[in-house]
Amino acid sequence: MAYELEHRLHDLGLVSFVLDGDNLRHKLNSDLGFSPCDRTENIRRVAEVASLMNDAGLIVFAALISPYRADREMARTIIGPSRFLEVHVCTPLHVCEGRDPKGLYDRARTGLIPQFTGISAPYETPLNPVFSIDTGRLSLEEAVTQMLDVLQLKAGAA
Ligand SMILES: Nc1ncnc2c1ncn2[C@@H]1O[C@H](COP(=O)(O)OS(=O)(=O)O)[C@@H](OP(=O)(O)O)[C@H]1O
Ligand SMILES: Nc1ncnc2c1ncn2[C@@H]1O[C@H](COP(=O)(O)OP(=O)(O)O)[C@@H](O)[C@H]1O
């Protein structure tokens, strides 16, 4: 969804960038694991990078699990409340597990991956997201169109 949003904004003449947690963990955050402390540090670094990119004029999509409310609030503080929008991807666990494109849920269920979000580590549901998207109910096209509508509303209000 984040990459599709990036393409759609590009078509509108707007520059954006996806910070993908999974990708960043191969380089910038390759020293971090999935303990609560390491997730906090992961999110702190990504929020600082996003803030720099914002200063350079880019819209940033931070595609991270970010399962703890306190970490998301830290990101909001780093980025600034007027720039930060929290989108909750609320696709039910059974739908994610049914897809399992990388076989991670399967490995987490058999105990091969510890501290796996949704299985053996918590996900704290956002209390007041600007938008929630259940990708089990919406197509990619519908989800991205709805998110663009929200972004345009917010941009108009800013
Ligand atoms: N234990 C555990 N828990 C959750 N996720 C795990 C774990 N181990 C590996 N992965 C893979 O790491 C990707 C999520 O990284 P994030 O940086 O977004 O996580 S977090 O925000 O720090 O919680 C996530 O990538 P995506 O598959 O792209 O979502 C997982 O594939
Ligand atoms: N809006 C959507 N509608 C339907 N399926 C989706 C949607 N977004 C993602 N998916 C599917 O969910 C799975 C995980 O998507 P992915 O983008 O790899 O998520 P993540 O990087 O957050 O793990 C893939 O099989 C993908 O095709």
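Everything numeric in this text was worked out from a predicted model, so none of it was measured.

Calculation criteria
- Residues numbered from 1 in each chain as written.
- Chains lettered and ligands numbered in written order.
- Predicted model: local features only at pLDDT ≥ 70, side-chain atom pairs only at ≥ 80, totals over all residues.
- Heavy atoms only, no water.
- Helix = DSSP H or I, 4+ residues; strand = E, 2+ residues; numbered from the N terminus.
- Core = buried A, V, L, I, M, F, W, Y, C linked by side-chain atoms within 4.5 Å.
- Buried < 20%, exposed > 50% of the residue type's maximum accessible area, 1.4 Å probe, protein only.
- Contact = heavy atoms within 4.5 Å.
- Near = heavy atom within 4 Å.
- Polar contact = N/O pair within 3.5 Å; in protein donor to acceptor, adjacent residues only side chain to side chain.
- Areas by Shrake-Rupley, 256 points an atom, 1.4 Å probe, with all protein chains shown as cover.
- Nonpolar A, V, L, I, M, F, W, Y, C, P; charged D, E, K, R; others polar.
- Arc of directions from axis to C-beta.
- UniProt positions renumbered as here; feature names shortened; annotations may be inferred.
- Salt bridge = Lys/Arg side-chain N within 4 Å of Asp/Glu carboxyl O.

## Comments concerning unusual backbone geometry
Leaving glycine aside, a negative phi is the common case for residues, and trans is the common case for peptide bonds. With phi around 35°, aspartate 100 is a residue other than glycine that occupies positive phi space. Within the secondary structure layout, aspartate 100 lies in the loop between α5 (93-99) and α6 (104-109).

## Comments concerning the nonpolar core
Grouped together as the largest cluster of nonpolar side chains are twelve residues: Ala2, Leu5, Leu9, Val18, Phe61, Phe131, Ile133, Ala143, Val144, Met147, Leu148 and Val150. Counting residues per element, the ones that place at least two in this core are α1 (2-11), β4 (131-133) and α7 (140-157). Top contributing element to this core by residue count: α7, with five residues. In contact with isoleucine 133, other than residues within four places in its own chain, are Met1, Val87, His88, Val89, Cys90, Thr91, Leu138, Ala143 and Met147. The next biggest cluster of nonpolar side chains, apart from the first, holds eleven residues, and it includes Leu19, Val46, Ala50 and Ile79.

## Quick notes on the site of ligand 2
Neighbouring ligand 2 are the residues Met1, Arg99, Pro101, Thr135, Leu138, Ser139 and Leu140. A distance of 3.5 Å is found between a nitrogen atom of ligand 2 and a backbone nitrogen or oxygen belonging to threonine 135. In this structure, a nitrogen atom belonging to ligand 2 sits 3.4 Å away from a main-chain N or O atom of leucine 138. Within the complex, the protein chains bury 46% of what would otherwise be the 550 Å² of accessible surface of ligand 2. Of the residues that constitute the shell around ligand 2, the class distribution is four nonpolar, two polar and one charged.

## As for α1
For α1, the full list of buried residues reads Ala2, Leu5, Glu6 and Leu9. Take α1 and look down its axis: the buried residues cluster within an arc of 105°, on one side only. Facing away from the buried side of α1 by more than 90 degrees, the exposed set consists of His10 and Asp11. Positioned one or two residues after α1, glycine 13 has a phi angle of 85°, which is positive.

## Side note on the UniProt feature "domain: APS kinase" (unreviewed entry) in the protein
UniProt tags residues 1-133 as "domain: APS kinase" (unreviewed entry). A helix fraction of 44% and a strand fraction of 12% characterise residues 1-133, whose end C-alpha atoms lie 10 Å from each other.

## What to know about the pattern of salt bridges
A full pass over the atoms with the stated rule returns eleven salt bridges. Aspartate 22 serves as the salt-bridge partner of lysine 102, at 2.8 Å between the closest nitrogen and oxygen. Of the two residues, lysine 102 sits in the loop between α5 and α6 while aspartate 22 sits in helix α2 (residues 21-24), which places them 80 residues apart along the sequence. Judged by its relative accessible area of 52%, lysine 102 falls in the exposed class. The partner of arginine 44 in a salt bridge is glutamate 41, and the shortest N-O contact between them spans 2.9 Å. Residue arginine 44 and its partner glutamate 41 are both found in helix α3 (residues 36-55); the two are separated by three residues, about one turn of the helix. Looking at glutamate 41, the relative accessible area reads 23%, which means it is partly exposed.

## Observations regarding the site of ligand 1
The local shell around ligand 1 holds 18 residues, among which Arg25, Asn42, Ser66, Lys102 and Leu104 are the closest. Arginine 25 has a polar side-chain atom sitting 2.8 Å from an oxygen atom of ligand 1. Separating an oxygen atom of ligand 1 from a backbone N or O atom of serine 66 is a distance of 2.8 Å. Protein chains shield 83% of the accessible area of ligand 1, which is 630 Å² for the free molecule. Residue assignment for the shell around ligand 1 shows that the elements contributing at least two residues are α2 and α3. For the shell around ligand 1, the element with the most residues is α3, which contributes three residues. Residue composition of the shell around ligand 1, grouped by class: nine nonpolar, five polar and four charged.

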